[in-house]
Amino acid sequence: NVAGFPYRKTLEDFEFEFQPSVDKRLVEELSTLRFVHNAENVVFLGPPGVGKTHLAIGLGITAAKNRHLTYYISCQDLISELNKAHFENQLQKKLKHYAKYKLLIIDEIGYLPMDIQGANLFFQLIAKRYEKCSTIFTSNKSFSQWGEVFSDNTIAAAILDRILHHATVVNIKGESYRLKDRKEYMSSR
Ligand code: ADP
Ligand code: MG
């Protein structure tokens, strides 16, 4: 898969009835890709299984179809790529590489804690893309917990400041879709 998506699911595959906290019209507005044209960001927040990655990939597929250079990477893989580049004295080249994507999806911020070095590298990437191109972020942690995620309140604040300056935040509350079939099975017995 060219854009690095871990799975291929479209916005049409998303059952909005199952997740009422997701505003269908807001997702439709995002799917016009105005946010990409305006170099704005999107943040999906919520517990596991509520559709954050699905919606991010759905928007990514829409953007790629419309010929915007799009790339998906998990936060953990991104940090290890940046660390590797830094170690090899190739950080500026790597940052330039990521800066060329019109839409970058950074998935799963907060599942694993980051050290200060990782947070610094992440900040440099955000600063490089700021007001130039769009990024979609997903996280299971609320913004107030990002200080812990990045092991440093000051860096976390600087990162959030830039991300949220031009951003749509979608807070998803509700049940995990992954447990849906299991529940139906359990209650049918
Ligand atoms: P997370 O919020 O942890 O990133 P995912 O987006 O990966 O969760 O969703 C978990 C699985 O459930 C995926 O296979 C996804 O396609 C599916 N899924 C989640 N929410 C919905 C939904 N509302 N309609 C259809 N499929 C969904
Ligand atoms: Mg996910």
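Quantities reported herein were computed from a predicted structural model and do not represent experimental measurements.

1. What to know about the overall build of the protein
Item 1. Looking only at helices and strands, the protein features nine helices and five strands.
Item 2. The secondary structure elements of the protein, listed N-terminal to C-terminal, are α-α-β-α-β-α-α-β-α-β-α-α-β-α.
Item 3. By the compact-globule yardstick of 16 Å for 189 residues, the protein fits well, its C-alpha radius of gyration being 17 Å.
Item 4. C-alpha extents for the protein along the principal axes are approximately 60 × 35 × 30 Å.
Item 5. Looking at the protein as a whole, 44% of its 189 residues are labelled buried.
Item 6. Within the protein, residue pairs in contact and separated by at least 24 positions form 83% of the contacts whose partners lie at least 6 positions apart.
Item 7. Accessible surface, the protein as shown: approximately 10,200 Å² in total, 50% of it carbon and sulfur.
Item 8. One way to put it: in the protein the 25 positive side-chain charges average out to a point 5 Å from where the 21 negative ones average out.

2. Topic: the site of ligand 1
Item 1. Neighbouring residues of ligand 1: 15 residues in total, closest Tyr7, Glu15, Gly49, Thr53 and His54.
Item 2. Between ligand 1 and lysine 9 there is a distance of 2.8 Å, counted from an oxygen atom to a side-chain nitrogen or oxygen.
Item 3. Histidine 54 is positioned with one of its side-chain polar atoms (N or O) 2.7 Å from an oxygen atom of ligand 1.
Item 4. Compared with its free state, where it exposes 550 Å², ligand 1 has 92% of that area covered by protein.
Item 5. For the shell around ligand 1, a count of residues per class yields six nonpolar, four polar and five charged.

3. Points about the pairing of strand S1 (residues 41-45)
When a strand is regular, its side chains alternate between the sheet's two faces.
Item 1. Burial analysis of S1 places five of its five residues in the buried class, which makes it a mostly covered element.
Item 2. As judged from the four bridges shared by S1 and strand S4 (residues 134-139), these two strands associate in the parallel manner. Bridging from a neighbouring strand, valine 43 pairs with phenylalanine 137 of S4.

4. Some thoughts on the nonpolar core
Item 1. Counting 29 residues, the largest nonpolar core has Ile106, Ile109, Phe122, Trp146 and Phe150 as its most contacted members.
Item 2. Those elements giving two or more residues to this core turn out to be S1, helix H4 (75-87), helix H5 (91-99), strand S3 (103-109), helix H6 (116-129), helix H7 (146-149) and helix H8 (153-165).
Item 3. Apart from residues lying up to four places away in sequence, isoleucine 109 is in contact with Cys75, Phe122, Phe137, Thr138, Ser139, Asn140, Trp146, Val149 and Phe150.

Definitions and limits used
- Residues numbered from 1 in each chain as written.
- Chains lettered and ligands numbered in written order.
- Predicted model: local features only at pLDDT ≥ 70, side-chain atom pairs only at ≥ 80, totals over all residues.
- Heavy atoms only, no water.
- Helix = DSSP H or I, 4+ residues; strand = E, 2+ residues; numbered from the N terminus.
- Rg over C-alpha atoms; globule rule 2.2 N^0.38 Å.
- Buried < 20%, exposed > 50% of the residue type's maximum accessible area, 1.4 Å probe, protein only.
- Contact = heavy atoms within 4.5 Å.
- Areas by Shrake-Rupley, 256 points an atom, 1.4 Å probe, with all protein chains shown as cover.
- Lys, Arg positive; Asp, Glu negative; His and termini not counted.
- Charge placed at Lys NZ, Arg CZ, Asp CG, Glu CD.
- Near = heavy atom within 4 Å.
- Polar contact = N/O pair within 3.5 Å; in protein donor to acceptor, adjacent residues only side chain to side chain.
- Nonpolar A, V, L, I, M, F, W, Y, C, P; charged D, E, K, R; others polar.
- Pairing = 2+ DSSP bridges.
- Core = buried A, V, L, I, M, F, W, Y, C linked by side-chain atoms within 4.5 Å.

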